[in-house]
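Residues per chain are reported as follows:
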Amino acid sequence: MNLREFSKANLDRCESPGGFNHPLESWTTSDWFTAVVGGLGEAANIAKKINRVRDGIPGNAETPVQLRLELARELADTFIYLDLLAQSVGVDLSDIVPKVFDAKSETIGYEAKLEAEHQFMRSEKVAHVPKLLTTGDLPSFEDCGKAKEENRASKLQNFIWQNEPSSEAESNAFRFQLVGLINEQICSCS
Ligand SMILES: [Mg+2]
């Protein structure tokens with residue numbers, strides 16, 4: 001499983017009625033930040049206990065092995081929330097992390113780049129992109145008369161990053177079709 005597939009599964013479980021039944025946009029950016037920082041705080045608390053082991057300070061109820069496992073779990077919890085926070089603001093970590101990593105490598109003159117692997121990560125989704133989009137492919141704005149603009153924007157951003165082809169030509173065609181369909185949908189709403 002790559003990071004893009006994980007993000008999709010993470011969003012599906014968060015929003016699905018059989019999962020957390022928690023629409024991403026029902027929490028503000030501050031709410032998601034609180035979840036991320038809360039998870040990181042739990043991880044830091046385990047690190048504190050591991051430091052106690054290192055320094056021979058009493059107070060831990062867990063064994064050092066248990067603490068290692070708990071640290072791993074809390075870091076994973078934090079990452080899961082970080083991914084949801086990113087998605088809630090329309091950021092695709094699988095797209096931006098390799099780019100930011102490579103940009104820093106460039107700055108410090110480090111030669112190895114992630115770009116090749118990054119292209120591979122994105123190439124997998126091309127096969128799933130419909131050649132021609134229809135209004136049925138779009139996220140629904142069922143209560144479009146009342147829906148808040150930011151909810152629509154967030155739904156659209158998620159749709160784009162889950163479906164946009166990786167090649168520039170295909171991506172341009174995809175966006176061109178999307179604009180047409182959005183116009184159609186807005187007209188049928190009003
Ligand atoms: Mg936790």
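Calculation criteria
Residue positions are given per chain, counted from 1 along the sequence in the order it is written. The model is predicted, so local features are restricted to residues of pLDDT at least 70 and side-chain atom pairs to those at 80 or more, both for listing and for counting; the totals for chains, interfaces and linings are taken over all residues. Helix numbers and strand numbers start at the N terminus; a helix is a DSSP run of H or I with at least 4 residues, a strand a run of E with at least 2. Here a residue counts as buried when 20 or more other C-beta atoms fall within 10 Å of its C-beta, as exposed when 12 or fewer do, and as partly exposed in between; the C-beta atoms come from the backbone. In this description, a residue-residue contact is defined by the distance between C-beta atoms placed from the backbone, which must lie within 7 Å. Whenever a helix is involved, its axis is fitted only over the stretch in contact; in every case the axis is a line through C-alpha atoms, and angles between N-to-C directions fall within 0 to 180 degrees. The scheme is simple: roughly parallel for angles under 35 degrees, roughly antiparallel for over 145, roughly perpendicular for 65 to 115, oblique for anything else. Rotating anticlockwise by less than a right angle from the far helix to the near helix defines a left-handed crossing, while the corresponding clockwise rotation defines a right-handed one. Here the term charged refers only to Asp, Glu, Lys and Arg, the term nonpolar to Ala, Val, Leu, Ile, Met, Phe, Trp, Tyr, Cys and Pro, and the term polar to all other amino acids, Gly among them.

Trainee: What is the right way to read the environment of Asn-158 from this model?
Mentor: Residue position: Asn-158 is located in helix 6 (residues 149-163). Of the residues examined, Asn-158 has 21 C-beta atoms within 10 Å and is grouped as buried. Taking C-alpha positions, Asn-158 is 9.2 Å from Pro-139, a pair spaced 19 residues apart along the chain. Those residues in contact with Asn-158 that lie beyond four places of it in its chain are Gln-87 and Gly-90.

Trainee: Mind showing me how you'd approach the packing of helix 2 (residues 29-55) against helix 3 (residues 64-88) here?
Mentor: Each pair of packed helices can be summarised by the angle the axes make with each other and by the distance between the axes. Packing of helix 2 against helix 3 brings their axes to within 8 Å, and their N-to-C directions diverge by 165°. In this view, helix 2 runs roughly antiparallel relative to helix 3, as classed from their interaxial angle. Of the two elements, helix 2 crosses helix 3, and the hand of that crossing is left-handed. Class assignment for the residues of the contact of helix 2 with helix 3 results in 18 nonpolar, four polar and five charged.

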